[in-house]
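Each chain, letter by letter, is given below.
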Amino acid sequence: LFARCRSVDDDLPQFVLVEYMLENMCCAFREEFQDASFGSDFLSPSDSDYESLLQNCHHKSLRDHFDKLLKPLVETLRMANNTKESALQEKRLIGKAWIYIGLLRLHLLIPSSPIDPGKKPAAKVNQLNWLLKSIRSNLLSYR
């Protein structure tokens, strides 16, 4: 999909990449939803369906940012998908969607709480072990 979006082919709408990223994020958090019917087509449910998805969600950060980021993102993608207006309006909608995607990804990556002071040395050891492993693999590649 990324190769298709970066090609010169203008037949593919720009919002397809944003939709793809949203679907991948939702699929990554699929186990956080009790509803087994949660599918990859996240853009089609009605507002009542989104409310039921929110009620079935166990992930705290997703619940906290559902109304502020996820719902406006889906609405923006719907408008971009259905817009027959100027290219400037479409670019504004796509830009807005990218902002929502970035903010949502940021908030999902931020830890919900700081590291426990008792576990901080172990976390530092894990970080240094990862750094040593990375250096070892780089040194092996030079041989």
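Further up the page is the structure itself.
A few points on the structure. What you are looking at is a predicted structure, and each value in this text was computed from that prediction instead of being measured.

Take the overall build of the protein next. Looking only at helices and strands, the protein has 6 helices and 0 strands in total. Overall, the protein shows an N-to-C arrangement of helices and strands of α-α-α-α-α-α. Burial analysis of the protein (143 residues in total) assigns 30% to the buried set. Considering only contacts in the protein between residues 6 or more positions apart, those separated by 24 or more positions represent 60%. Total accessible area on the protein is roughly 10,200 Å²; 55% of this is exposed by carbon and sulfur atoms.

Here we take up a nonpolar patch on the surface. A cluster of nonpolar side chains, contributed by Leu 128, Trp 130, Leu 131, Ile 135, Leu 139 and Tyr 142, occupies part of the molecular surface with about 710 Å² of accessible area. Tracing the sequence through the fold places Tyr 142 in helix α6 (residues 120-142). Residue Tyr 142 is classed as exposed on the basis of its relative accessible area of 70%.

It is at 10 Å that the axes of helix α2 (residues 15-28) and helix α4 (residues 60-82) come closest, and there the two elements cross at 150°. Judged by the angle between their axes, α2 and α4 are roughly antiparallel. Judged by the sense of rotation from one axis to the other, the crossing of α2 with α4 is left-handed. Contact residues: α2 offers Phe 15, Val 18, Glu 19 and Leu 22, while α4 offers Leu 70, Leu 73, Val 74, Leu 77, Ala 80 and Asn 81. Per-class residue counts for the contact of α2 with α4 are 8 nonpolar, 1 polar and 1 charged.

Ranked by size, the top nonpolar core spans 24 residues in total, and within it Leu 22, Leu 73, Leu 77 and Ile 101 carry the most contacts. Elements with a minimum of two residues in this core: α2, α4 and α5 (87-109).

Now for α5. Over its 23 residues, α5 runs 33 Å from end to end, which matches the ideal 33 Å to within 8%, given 1.5 Å per residue. For α5, the secondary structure elements touched by its buried residues are α2 and α4.

Reading guide: rules and limits
Residues numbered from 1 in each chain as written. Predicted model: local features only at pLDDT ≥ 70, side-chain atom pairs only at ≥ 80, totals over all residues. Heavy atoms only, no water. Helix = DSSP H or I, 4+ residues; strand = E, 2+ residues; numbered from the N terminus. Buried < 20%, exposed > 50% of the residue type's maximum accessible area, 1.4 Å probe, protein only. Contact = heavy atoms within 4.5 Å. Areas by Shrake-Rupley, 256 points an atom, 1.4 Å probe, with all protein chains shown as cover. Patch = residues over 30% accessible without salt bridge, like charges linked within 9 Å, V, L, I, M, F, W, Y side chains within 5 Å. Salt bridge = Lys/Arg side-chain N within 4 Å of Asp/Glu carboxyl O. Axes fitted to C-alpha atoms, helices over the stretch in contact; angles between N-to-C directions. Parallel < 35°, antiparallel > 145°, perpendicular 65-115°, else oblique. Left-handed = near helix turned anticlockwise from the far one by under 90°. Nonpolar A, V, L, I, M, F, W, Y, C, P; charged D, E, K, R; others polar. Core = buried A, V, L, I, M, F, W, Y, C linked by side-chain atoms within 4.5 Å. Expected span 1.5 Å × (residues − 1).

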